[in-house]
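# Observations on the model geometry
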Amino acid sequence: DIASGPCILSWVLNEPTVSVDIDRHMLEAGERIKHPDTVSIHGRATQLPLPDNSFDLAVMSLAYQMTRPIRRDKIGKEVVEVKERERVLREASRVLRGGGYFVVTMPYSCISPEDIVNLREGMNHLGLEMIPELTGYVEGRRRAPRTAGVRFKIFMTTARKYGQANEEEMNPSR
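Residues numbered from 1 in each chain as written. Predicted model: local features only at pLDDT ≥ 70, side-chain atom pairs only at ≥ 80, totals over all residues. Heavy atoms only, no water.

## A few points about the overall build of the protein
Regarding its fold elements, the protein presents 4 helices and 9 strands. Listing the helices and strands of the protein from first to last along the sequence gives α-β-α-β-β-β-β-α-β-α-β-β-β. For 174 residues, the compact-globule formula gives about 16 Å, and the C-alpha radius of gyration of the protein, at 16 Å, lands near that figure. The dimensions of the protein, computed from C-alpha atoms along their principal axes, are 45 × 40 × 30 Å. For the protein, the share of sequence-separated contacts (at least 6 apart) that also reach a separation of at least 24 residues comes to 62%. Side chains of the protein carry 25 positive and 24 negative charges; the gap between the two charge centres is 4 Å. (Helix = DSSP H or I, 4+ residues; strand = E, 2+ residues; numbered from the N terminus. Rg over C-alpha atoms; globule rule 2.2 N^0.38 Å. Contact = heavy atoms within 4.5 Å. Lys, Arg positive; Asp, Glu negative; His and termini not counted. Charge placed at Lys NZ, Arg CZ, Asp CG, Glu CD.)

Take a look at the structure:
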């Protein structure tokens, strides 16, 4: 569970996960609600502290839209450009085993048809293929016992890892 916040996926599923988040306070808050076997790891989505080819499924729910195509970081006196979205996708591809799946959800208002095309192209560049039948807008009510009746509307895509990431950098819009 990449950018897990307070381990919500583990809580909703009532299943163990590996939850990674940049905010230690979020992970600490999750200690009270997560599945007892969930492993919480402090780390960045752009530099996952996880081994290569170690998961069959990676999920990034309601967090990808918080990344930027290009982020400027100040390191000492130097300003460095970081292709944040590309790094997130690269990391997801890196930790997935061949044939593994990457599920991304975002609020529906945060993605345009052009963004979907860019995301598909970016994923393909990195060895991830969007599955059309598992990609689109989803609206409904949550049925999980702990969140029953809550309305939601999101964009969701599921991609399958079919190959290795291209080493060349991507166009920054992806």
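## Details of helix α3 (residues 84–95)
Given 3.6 residues per helical turn, the α-helix brings residues three or four places apart onto the same face. Counted at 1.5 Å a residue, the expected span for α3 with its 12 residues is 16 Å, and the 17 Å between its end C-alpha atoms agrees. By the criterion of burial, α3 is predominantly enclosed, with 10 of the 12 residues buried. For α3, the complete set of buried residues consists of E84, R85, E86, V88, L89, R90, E91, A92, S93 and V95. (Expected span 1.5 Å × (residues − 1). Buried < 20%, exposed > 50% of the residue type's maximum accessible area, 1.4 Å probe, protein only.)

## Quick word on the layout of surface pockets
Volume-wise, the second largest pocket comes out at about 170 Å³. Surrounding the second largest pocket, D52, N53, R90, E91, S93, R94, K161, Q164, A165 and E167 form its lining. The leading source of residues in the lining of the second largest pocket is α3, at 4 residues. Considering only residue class, the lining of the second largest pocket consists of 1 nonpolar, 3 polar and 6 charged. (1 Å grid on protein atoms, 1.4 Å probe; cavity = no way out; pocket = protein on both sides within 12 Å on 5 of 7 lines; lining within 4 Å. Points joined across faces, edges and corners; volume = space filled by probe spheres on them. Nonpolar A, V, L, I, M, F, W, Y, C, P; charged D, E, K, R; others polar.)

## A word on the environment of P132
Structurally, the position occupied by P132 is in the loop between β7 (128–130) and β8 (136–141). Of the residues examined, P132 reaches a relative accessible area of 62% and is grouped as exposed.

## Overview of the pairing of strand β1 (residues 18–21)
Examined bridge by bridge, β1 and strand β2 (residues 39–42) share 4 bridges and lie parallel to one another. Directly across from V20, in β2, lies its bridge partner I41. (Pairing = 2+ DSSP bridges.)

## Overview of the nonpolar core
Taken as a class, soluble globular proteins show a tendency for nonpolar side chains to be buried jointly. Formed by 27 residues in total, the largest nonpolar core has its most connected members in I2, M60, Y64, F102, L119 and M123. Counting residues per element, the ones that place at least two in this core are β3 (55–61), α3, β6 (96–107), α4 (113–125), β7 and β9 (151–161). (Core = buried A, V, L, I, M, F, W, Y, C linked by side-chain atoms within 4.5 Å.)

## Concerning the packing of aromatic side chains
Geometrically, a pair of aromatic rings is defined through the distance of the ring centres and the angle of the planes. By the definition in use, this model includes 1 aromatic pair. Over the ring of Y108 we find K153; its NZ or CZ atom is 4.4 Å from the centre of that ring. (Phe/Tyr/Trp six-rings, centres within 6.5 Å; stacked < 30°, edge-to-face > 60°. Lys NZ or Arg CZ within 6 Å of the ring centre and 35° of its normal.)

## Considering unusual backbone geometry
One non-glycine residue with positive phi stands out, namely A3, at about 60°. Even without being glycine, L62 reaches a positive phi, approximately 60°. Summarising the element assignment, L62 is placed in the loop between β3 and β4 (71–75).

## A word on the pattern of salt bridges
By the definition in use, this model includes 6 salt bridges. The salt bridge partner of D56 is R97, with a shortest N-O separation of 3.1 Å. Of this pair, D56 sits in strand β3 while R97 sits in strand β6, and the two are 41 residues apart along the sequence. For R97, a relative accessible area of 35% puts it in the partly exposed group. With a shortest N-O distance of 2.9 Å, E86 and R90 are connected by a salt bridge. One end of the pair is E86 and the other is R90, both in helix α3 and 4 residues apart, which spans about a single turn. For the residue pair E86 and R90, the accessibility class agrees, reading buried in each case. Linked through salt bridges whose partners overlap, the residues forming this network are D52, E91 and R94. (Salt bridge = Lys/Arg side-chain N within 4 Å of Asp/Glu carboxyl O.)

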